[in-house]
Amino acid sequence: MRPESEADLAEAVRAATGALHLRGGGTRAAGPATGEVLETTGLTGITLYEPGALTLVARAGTPLSDIEEALAGENQRLAFEPMDHRALLGTEGTPTIGGAVAVNASGPRRVVAGACRDSLIGVRFVDGSGTIIKNGGRVMKNVTGYDLVKLLAGSHGTLGVLSEVSFKVLPGVEATTTLTLEGLDVDTAIKAMAAAMGSPFEVSAAAHLPGETPKTHLRVEGFAASVAYRAGRLRDLLASYGDIVVDEGPGPWADIRDARALADAPGDVWRVSVKPSDGARVAAALPDARLVMDWAGGLVWAAVAPGTDLRAALKDIPGHATLLRAAPETHARLGRFAPEPAPLAAIAAGLRAKFDPRGILNPGLMTQSTS
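Residues numbered from 1 in each chain as written. Predicted model: local features only at pLDDT ≥ 70, side-chain atom pairs only at ≥ 80, totals over all residues. Heavy atoms only, no water.

Side note on the sheet that holds strand β4 (residues 55-59)
Spatially, β3-β4-β8-β6-β7 is the arrangement adopted by the five strands of the open sheet, whose pairing is antiparallel. Since the sheet does not close on itself, it has two edges, and those belong to β3 (46-50) and β7 (132-136), each with one partner. Averaged over all pairs of adjacent strands, the angle between strand axes in this sheet comes to 10°, irrespective of strand direction. When strand β6 (residues 120-126) meets β7, the two strands line up antiparallel, connected through five bridges. Note on β7: the bridge partner recorded for Phe125 is Ile133. Strand contacts of helix α2 (residues 64-72): β3 and β4, with the helix running at about 25° to β3, the strand carrying the most contacts. (Pairing = 2+ DSSP bridges. Helix = DSSP H or I, 4+ residues; strand = E, 2+ residues; numbered from the N terminus. Axes fitted to C-alpha atoms, helices over the stretch in contact; angles between N-to-C directions. Contact = heavy atoms within 4.5 Å.)

Structural data, given as structure tokens:
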């Protein structure tokens, strides 16, 4: 099913007699969700864009590329750098703005600009009974219903089918510079990234790529004169960590955002979220894994041997691990999302019962966490 209006979407949900497998552009591999496919790609178009108010509203099936093109025309951008999963997951299709909200897709700038949900100021969606619900607003000062707006971000379609989303956007940047340290081990790289993020020089991203030639990348953005000054001061601050290469331009950040270094890695791929200072513990616990470390060490992409129970390997490290790429039998055995503690599971089940009383929206993802 591919409805082309919100009313048709609501009718499709109301008329459903069994499970619905919700899908946007089909790039993020919804995992074990089952049922009849319900696509949102028929709901396209930017319905409101006010550059002066830094506000954009678009239908959920609108391609991300259309959003980014419109924003670039006004020298503006989405603050949260939504990831493109196609290379990592081996999928095709076109990423959509609704899909980005559904998985709360957030790239390297999350450490300073927040996640997708932090830029989201309004939603329209259809719940499991086929009711159209509107929440939030179109201007940043309107805080009505923010809790529900943020609840939908990262809910993976289990609470409702998004039909329209509203964002606050940011001005573009005049210049970007990347500082790179080579040869640091993970422990030292984490310390260098912490020093950079704790400095007054407004680092907008910090990542470490272990391997034969480890590289630690730091990004500085903004007005050209400010970037030049801050990059110079940051270079002085980190001089004790070794030689630093300074490159102007976009740098490696799109590849880091999309974890492209693991695109050709054999085996399973996990996404691990921990506090940045625990990134080194994750790396030590996974000595044979191929890693990409973003968010100053707080986000670790790990490619491991097929069937590996990564959660068991990391059981002593606070955080959570999501299984993104694996064989169906591994997904069935380990689950895409970690089991929730009983109190949180009860809250999540209660929310789903309210929003989807028939249990038809992506039922295969029922164990996902909206936190």
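Let's talk about α2
All of the buried residues along α2 are Leu64, Ile67 and Leu71. Angular distribution of buried residues about the axis of α2 spans 60°; they occupy a single face of the element. Residues Glu69 and Ala72 are exposed on α2 and point more than 90 degrees away from its buried face. Packed against the buried residues of α2 are β3, β4, β5 (76-77) and α4 (97-102). (Buried < 20%, exposed > 50% of the residue type's maximum accessible area, 1.4 Å probe, protein only. Arc of directions from axis to C-beta.)

Remarks on the nonpolar core
Of all hydrophobic cores here, the largest spans 40 residues; its most connected members are Leu218, Leu234, Val272, Val282 and Leu310. Element by element, the count of residues in this core is highest for helix α8 (residues 186-197), at six residues. Core analysis: the second largest hydrophobic core is formed by 27 residues, Ala58, Leu71, Val149 and Ala153 among them. (Core = buried A, V, L, I, M, F, W, Y, C linked by side-chain atoms within 4.5 Å.)

What to know about the confidence of the model for the chain
Confidence in the prediction for the chain averages 92 pLDDT; 95% of positions are at 70 or higher. For residues 367-371, every residue scores under 50 in pLDDT, and the model assigns this stretch 20 contacts once sequence neighbours within four places are set aside. (pLDDT = per-residue confidence, 0-100.)

Brief notes about the environment of Thr27
Looking at the element boundaries, Thr27 is found in the loop between β1 (20-23) and β2 (36-39). Residue classification places Thr27 among the buried positions, given a relative accessible area of 2%. A C-alpha to C-alpha distance of 5.5 Å links Thr27 and Gly93, two positions 66 residues apart in sequence.

Comments concerning the pairing of strand β11 (residues 203-209)
Among the seven residues of β11, six are classified as buried, and the element is accordingly described as predominantly covered. Both β11 and strand β12 (residues 215-222) contribute to a ladder of six bridges, which runs antiparallel. Across the sheet, the residue bridging to His208 is Thr216, located in β12. Counted along the chain from β11 to the antiparallel partner β12, the turn is five residues long, and its residue Gly211 has a positive phi close to 145°.

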